[in-house]
2 protein chains.
Amino acid sequence: MPAPLMNDRDLEFLLYELFDAEALTERTQFADHNRETFDATLNTAKTVAEKVLLPFRMKADNQEPTFDGEKVHMIPDIKTGVEAIIQSGLASPTASYETGGMQLPAIVANAASSYLVAAGGVATGYTALTTANANLVEAHGSAEQIEKWVLPMREGRFAGTMAMTEPGAGSGLADLTTSATKDEDGSYRVSGNKIYISGGDHELTENIVHLVLARVKGAPKGVKGISLFIVPKFLVNDDGSLGARNEVALAGLFHKMGGRAQTSTALNFGEQDGAIGYLVGEENKGLSYMFHMMNEARIMVGSSAATIGVAGYQYSLDYAKDRPQGRLLSEKDPHSSPVNIIEHPDIRRMLLTQKAYSEGALALCMYGSRLVDDEKTAATEEERQAAHTLLDFLTPIIKSWPSEYGPKANYYAIQVLGGAGYINEHPVEMFYRDNRLNPIHEGTTGIQSLDLLGRKVTMNGFAGYTACLNEMQKTIDEAKQSQALAGYAEQLADTIATLKHTTETVLTATQSQNIDAVFSNSVKYLDLFGHVVIAWLWLKQAIVADAALAAQPHEADEHFYRGKLQAMQYFFRIELPETKHWADIVANVDTTSYDMQVGWF
Amino acid sequence: MPAPLMNDRDLEFLLYELFDAEALTERTQFADHNRETFDATLNTAKTVAEKVLLPFRMKADNQEPTFDGEKVHMIPDIKTGVEAIIQSGLASPTASYETGGMQLPAIVANAASSYLVAAGGVATGYTALTTANANLVEAHGSAEQIEKWVLPMREGRFAGTMAMTEPGAGSGLADLTTSATKDEDGSYRVSGNKIYISGGDHELTENIVHLVLARVKGAPKGVKGISLFIVPKFLVNDDGSLGARNEVALAGLFHKMGGRAQTSTALNFGEQDGAIGYLVGEENKGLSYMFHMMNEARIMVGSSAATIGVAGYQYSLDYAKDRPQGRLLSEKDPHSSPVNIIEHPDIRRMLLTQKAYSEGALALCMYGSRLVDDEKTAATEEERQAAHTLLDFLTPIIKSWPSEYGPKANYYAIQVLGGAGYINEHPVEMFYRDNRLNPIHEGTTGIQSLDLLGRKVTMNGFAGYTACLNEMQKTIDEAKQSQALAGYAEQLADTIATLKHTTETVLTATQSQNIDAVFSNSVKYLDLFGHVVIAWLWLKQAIVADAALAAQPHEADEHFYRGKLQAMQYFFRIELPETKHWADIVANVDTTSYDMQVGWF
């Protein structure tokens, strides 16, 4: 029997015991749903993952798409996988009924999606970008654009991409040079080169809808002069039929370390007369629209990273339970049988580390999705605004912490398997490669850290920051009621006090010291905040587990809850104390890196 | 111009300023050598690396060897590379003149080898194993065996492997089942299956000499019943010509995440009548002979890991100096030009981290090689024994610390390049994959930690442990003489005091508590000791740099020494304080992992 992709019981715990997804069914948007429809969605996803996607996971990794100068070729299984996802409604499960969705809560969609990602993430790579693209156009495009582009994307006839990065600009969007000139008919002519465009060309769909950031001639310099355009691979006639080929040329495919079945492309737009593009919303507001998509994309990246972490944990756990090797140190008889490696304390340490990282990260991402639901469907404007504020604040942490600690979990998954972990008979080396992209795309960890410390903390009079601390305080107060948890609540409270002191100190330092020096430890600050948030989520989980244990559950559940408590203890004893030193570095404005001169390297 | 493979200046510093390799020329063994011959060796290695190996580094990674059921096929460049290494004398540079070597010191050979490894490590993978095999047979085999097997290996006509791991036994050598039966002519018939045998089959050489661990019928159980055999692919006649094909069959090739050009094989020995094998030394002493090779192999693994760390650092440094992107936070003018990314404090942090890790690791490995030289050629038996004791103690750290922190350095090399780091146009993603093997092979990090805490610390009345602490104390005393370094000397002394306390506490705990529980944090202990040792080596480097700066060197040297001081400060300020918490975990016998029950996962 293959190793489980995800831990079903943990998803159930996150949805129904920790984040009360059932309560969402009382809202109009989700009125048709109940726990049965949620479970059915998860089961569908699990079935598609196991039956359709998993069988070609390794093949897709081994047989990269190729480009013959005309077309992109890939193994046919990918199309089968994409179609299975679309047909089962899992491509846009949160979309409204009108646009072909199932109106499911984001938290349920996220849980369902985790099965698909754990089964390789290949097909979801294509569908998720399409969905994000469709969501953006639905939010900011015209009715005509929604009709023309969004509906075919929801149906799976068209695919979508986001084309931001340029060879000369990378993360520095202010310097992008792709240009757009308005034509007499109101459309634009777009010219420029884009790179690292995921799904930028393929034959999976009839058409591909590129969302392209470009600068209208005469626009202001910097990020304030960026507009957003729909630039399709094929033009579309008014009756919805495909028209002429647009000037979007595939210059080549990149060969990535992981996620190898998803094409990463270099695209040239408008090499002759300019590619025909359609402005989304207003000129010069492109970046804010794109950020609408980016915030969703950032939760998606965090979730993928967490999920790949869980998948590696589940696989290495399964392996460790079955693989006999060696004896315990306390066993002196060489005639005794070898034990399964899970008996070795160091293997348990590596499994528990994976559990603490990956389940902690997953809880954070599911919490993020729950906030998306509240942001969109909570009863009052005040509640919706509160959810938005908190989510906006947490986004850099939701993006980064799983992206940094998911790969660390995968590191241990390999190590548990030993030599077997290094070869492609087992998927853990693929997880390790696939997950390495997550600290890079949709804003690197460095960029997230500047977003957190440089923008989110102080934004709107510390509104998000304060909201986050308040939420954590509620959990601390609750945990203090439990004899078993009071000590951990105290420890978290102490660490938060350190975090607050650090925040105040570093912000004060910006008034008297060079900002480049003060912010040179921004990643340590992100690490610190991230660890506090994950500790908080572990304490939240422990409260539920502690209460459930008091009710004397059946044996399987008792084991599950004890595991949760043990992982919480691991995080508090082994991980959280690391933050003390990180806080010192930030608060003392350590300038060791800043002072390092270019010539000294 | 391509990025430098290694930092020439740093190798010069390590050889001549830090570890006084020139002093070795006073010893009989190295009497023909001087700094000029050492430099010539390094230059030869650099030339072979740049001209022969580097041009096919990416190709070798992309085009894995294949097995058609009969023979192994690989790109011809690998044979060219192997031959260039052998012909330039770089395969066995430390071997005696009689066996075709150059009688170079190990430290010089290690420095020279680093260029070859940085250029891809493909060809050296084959030659280094052959050399290790030849060294073992030279040390423990008969004169006839040396004549028959070692000389052709030194000449490059034969290749060598080590065949230890079995499908059912992995790291648990006590359970290996390959059997050997003595024949009437004194040879043995060997039967069994071995896996993960690097270079186990190929067409690079006329013959392949497998060193196989097997159990003679009737031998004691466990590790005390293991013998070592030479089992060649082709038998060899008394005149040295090749005889019949031996019963060594290639069952298949493994597909690894990295080091992809080096075949990793499953070999079946003696499927019909038994493969013909020749006992090395005495029966049942095989493991101790193999450990002779393993200790060399462990220094080699550490050195490779450090070198790949340096190579990634050099590459990302080169990239960061040339790639313009974004602006400093302090720059408010969007019309200003983008800066090279090395100007961004977070990029500098990631480069300085790589420098601290990889140059620290390299210094440790070069120190290990210097101890090999002392162990073999120091003037008195007492000095040789002292070097042996210290080296034996340090071996698990030399193996593990670079293997754990080299990949971490490569993680940052990718991150410095961003999206470009994730694609194979740049070698940093390959370094990341290649380096991931090092914490696994030749004894995992977990096994090294048990070797350190369970054996090496207490061995011979704490002889190695005490010798190590004494060496560190000498450096502390010296550093205290410098105003600039006294504070760091103090910090190291404090950390060593913590280390001593931790050691005593944990060893005392073994008397009253379950040993499996007490040793469950052995990896944290290894981390702690490793960080102390690396901090010590950084302080040693700082002493040299500090003195050199006082002599007002020319500008390039001044920059180099300032860089060394800054990296030392980085390690002491950012890294070393982490050990406090690790020490607490070990000394308090934290049982969080140990207590985690199998059913709770």
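As recorded in an unreviewed UniProt entry, chain A goes by Acyl-CoA dehydrogenase and comes from Halioglobus maricola. Listed under Sequence similarities (unreviewed entry) in UniProt, the entry text for chain A is "Belongs to the acyl-CoA dehydrogenase family." Under the UniProt heading Cofactor (unreviewed entry), the entry covering chain A gives this text: "FAD".

Caption draft 1: Representation of the packing of helix 14 (residues 486-512) of chain A against helix 18 (residues 579-587) of chain A in the model. Residues and elements named next belong to chain A. Across the interface, helix 14 lies against helix 18 with an axial gap of 9 Å and an inter-helix angle of 15°. Considering the angle they form, helix 14 stands roughly parallel to helix 18. Taken as a pair, helix 14 and helix 18 cross one another with a handedness that is left-handed. Listed contacts from helix 18 to Thr495, Thr498, Thr502, Thr505 and Val506 of helix 14 are Thr579, Ala583, Val586 and Ala587. In the contact of helix 14 with helix 18, the residues fall into four nonpolar, five polar and no charged.

Caption draft 2: Region of the structure containing unusual backbone geometry. In this structure, Gln103(A) is a non-glycine residue whose phi angle is positive, near 50°. By the secondary structure assignment, Gln103(A) is in the loop between helix 4 (77-87) and helix 5 (106-118). Non-glycine residue Asn460(B) carries a positive phi angle of around 50°. As for its position among the elements, Asn460(B) is in helix 13 (residues 459-479).

Caption draft 3: Representation of the packing of aromatic side chains. Under the counting rule described, the total for this entry stands at 43 aromatic pairs over all chains. Relative to Tyr367(A), the ring of Phe19(A) has its centre 5.6 Å away and its plane inclined at 40°; by these criteria the two rings are tilted. You can see Phe19(A) sitting in the loop between helix 1 (8-18) and helix 2 (35-53) and its partner Tyr367(A) sitting in helix 9 (residues 345-377), a full 348 residues away along the chain. Ring geometry for Phe462(A) versus Tyr465(A): centroids 5.9 Å apart, planes at 65°, classification edge-to-face. Taken together, the residues span about one helical turn, with Phe462(A) and Tyr465(A) both in helix 13 (residues 459-479) at a distance of three residues. Residue Phe462(A) is classed as partly exposed on the basis of its relative accessible area of 32%. Taken together, the aromatic side chains of Tyr411(A), Tyr412(A), Tyr432(A), Tyr411(B), Tyr412(B) and Tyr432(B) make up a single cluster linked through ring pairs. For the cation-ring pair, Arg348(A) lies above Tyr594(B), with the distance from its terminal atom to the ring centre recorded as 5.9 Å.

Caption draft 4: Main features of helix 9 (residues 345-377) of chain B. With 33 residues, helix 9 of chain B extends 47 Å between its outermost C-alpha atoms, agreeing within 8% with the 48 Å of an ideal straight helix rising 1.5 Å per residue. With 31 of 33 residues buried, helix 9 of chain B lies mostly within the body of the structure.

Caption draft 5: Seen up close, the interface of chain B and chain A. Counting from both sides, the interface comprises 94 residues of chain B and, opposite them, 94 residues of chain A. Between chain B and chain A we count two salt bridges in total. With eight residues, the single largest contributor to the side of chain B that touches chain A is helix 17 (residues 555-575) of chain B. Residues of the side of chain B that touches chain A, tallied by class, amount to 40 nonpolar, 29 polar and 25 charged.

Caption draft 6: A look at the side chain of Asp434(B). Here Asp434(B) lies in helix 11 (residues 428-435). One buried charged side chain, Asp434(B), makes no salt bridge at all; its nearest oppositely charged neighbour is Arg433(B), positioned 4.9 Å away. A polar side-chain atom of Asp434(B) sits 2.7 Å from the main-chain amide nitrogen of Gly259(B). Residues in contact with Asp434(B), not counting those within four places in the same chain, are Tyr422(A), Gly120(B), Gly258(B), Gly259(B) and Ile308(B).

The rules behind the values
- Residues numbered from 1 in each chain as written.
- Chains lettered and ligands numbered in written order.
- Predicted model: local features only at pLDDT ≥ 70, side-chain atom pairs only at ≥ 80, totals over all residues.
- Heavy atoms only, no water.
- UniProt positions renumbered as here; feature names shortened; annotations may be inferred.
- Axes fitted to C-alpha atoms, helices over the stretch in contact; angles between N-to-C directions.
- Helix = DSSP H or I, 4+ residues; strand = E, 2+ residues; numbered from the N terminus.
- Parallel < 35°, antiparallel > 145°, perpendicular 65-115°, else oblique.
- Left-handed = near helix turned anticlockwise from the far one by under 90°.
- Contact = heavy atoms within 4.5 Å.
- Nonpolar A, V, L, I, M, F, W, Y, C, P; charged D, E, K, R; others polar.
- Phe/Tyr/Trp six-rings, centres within 6.5 Å; stacked < 30°, edge-to-face > 60°.
- Buried < 20%, exposed > 50% of the residue type's maximum accessible area, 1.4 Å probe, protein only.
- Lys NZ or Arg CZ within 6 Å of the ring centre and 35° of its normal.
- Expected span 1.5 Å × (residues − 1).
- Salt bridge = Lys/Arg side-chain N within 4 Å of Asp/Glu carboxyl O.
- Lys, Arg positive; Asp, Glu negative; His and termini not counted.
- Polar contact = N/O pair within 3.5 Å; in protein donor to acceptor, adjacent residues only side chain to side chain.

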